[in-house]
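Residue strings, one per chain:
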Amino acid sequence: MADIGEAPVLAALHAQCFLEVWNAATIAGLMAATGSFALIDEDHTGFILVRTVAEESEVLTLCVTPATRRRGVATALVTAAAERAAAANAAVMFLEVNATNNPAIALYKRVGFGQVGLRKGYYAAPHGMREDALVLRASIPLLRVGFSLQFG
Ligand SMILES: CC(C)(COP(=O)(O)OP(=O)(O)OC[C@H]1O[C@@H](n2cnc3c(N)ncnc32)[C@H](O)[C@@H]1OP(=O)(O)O)[C@@H](O)C(=O)NCCC(=O)NCCS
């Protein structure tokens, strides 16, 4: 579990992964909401932020630094987050992902997410363009794919 004091660390990781800036105050605000939690891997190369409400949970963000990708960090983070959400009574997990984000879509499908919706023009893109979001859903527990890491 990451605590709120680590929001600047999470913001620095987020900045390496997304064009849209989530500063430390934004991340701290999300972490402080009822039912929210964040997990960061032991080496501080990635984190996941999740909100749980009753039987549902939602991935608010997930990122792994470019230098440490394809080592199973994101898989381990989302799997551990689903376990934690289940302990808070969540039975399903939802998220939105840019329809052009093939790495993330591949990652999520591998652990059992399937598409349940489409939000047209949901994301701002360069040059005033908009891009669609896929809404994905998975039952908890997620499919096991064999990565395991320690989390702070
Ligand atoms: C998407 C992201 C979180 C994946 O992190 P990661 O730690 O590299 O993911 P994993 O190592 O757990 O990947 C697991 C599987 O997902 C798929 N996958 C991940 N990245 C991929 C890529 N670039 N191309 C194709 N498949 C990919 C593969 O099936 C991979 O297994 P493999 O490496 O054995 O082939 C990372 O690329 C990232 O931070 N991207 C920018 C932020 C982002 O898009 N976040 C998601 C927003 S919803």
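See the structure printed just above.
(A) Focus on the site of the ligand. Around the ligand, 21 residues are found, and the nearest of them are Leu-62, Arg-70, Gly-72, Thr-75 and Asn-101. Between the ligand and the protein, one listed contact pairs an oxygen atom with a backbone N or O atom of Arg-70 at 2.7 Å. At 3.0 Å from an oxygen atom of the ligand is found a main-chain nitrogen or oxygen belonging to Ala-74. In isolation the ligand has 920 Å² of accessible area, and contact with the protein removes 78% of it. Of all the secondary-structure elements, those providing two or more residues to the shell around the ligand are β3 (56-64), α3 (73-87), β4 (92-98) and α4 (102-110). Take the shell around the ligand: its biggest share by element is six residues, from α4. Its residues assigned to classes, the shell around the ligand shows 13 nonpolar, three polar and five charged.

(B) Layout of helix α2 (residues 24-32). Buried within α2 are the following residues: Ile-27, Ala-28 and Met-31. The buried residues of α2 occupy an angular sector of 100° when the element is viewed end-on, so they sit on one face. Lining the buried residues of α2 we find α1 (7-17), β1 (36-40) and β2 (46-53). One side-chain oxygen of the residue at the start of α2 lies 3.1 Å from the amide nitrogen of Ala-25, identifying that residue as Asn-23.

(C) Examining α4 more closely. All buried positions along α4 are accounted for by Ala-104, Ile-105, Leu-107 and Tyr-108. Mapping the buried residues of α4 onto a view down its axis gives an arc of 160°, with all of them on the same face. When the buried face of α4 is taken as reference, the exposed residues oriented beyond 90 degrees from it are Asn-102 and Pro-103. Next to the buried residues of α4 lie β3, α3, β4 and β6 (130-139). Phi turns positive one or two residues past the end of α4, at Gly-112, with a value near 110°.

(D) Molecular detail of unusual backbone geometry. Omega for the bond connecting Ile-140 with Pro-141 falls within 30 degrees of zero, at 5°, which places this linkage in the cis form. Phi angles above zero are rare outside glycine, and Ala-54 is one such case at about 50°. As for its position among the elements, Ala-54 is in the loop between β2 and β3. In this structure Ala-54 comes out as exposed when scored by relative accessible area, which is 62%. At His-127, a residue that is not glycine, the phi angle is positive and equals roughly 60°. Its place among the elements puts His-127 in the loop between β5 (114-124) and β6.

What counts and how
- Residues numbered from 1 in each chain as written.
- Predicted model: local features only at pLDDT ≥ 70, side-chain atom pairs only at ≥ 80, totals over all residues.
- Heavy atoms only, no water.
- Near = heavy atom within 4 Å.
- Polar contact = N/O pair within 3.5 Å; in protein donor to acceptor, adjacent residues only side chain to side chain.
- Areas by Shrake-Rupley, 256 points an atom, 1.4 Å probe, with all protein chains shown as cover.
- Helix = DSSP H or I, 4+ residues; strand = E, 2+ residues; numbered from the N terminus.
- Nonpolar A, V, L, I, M, F, W, Y, C, P; charged D, E, K, R; others polar.
- Buried < 20%, exposed > 50% of the residue type's maximum accessible area, 1.4 Å probe, protein only.
- Arc of directions from axis to C-beta.
- Contact = heavy atoms within 4.5 Å.

By themselves, these are just geometric observations and shouldn't be taken as functional.
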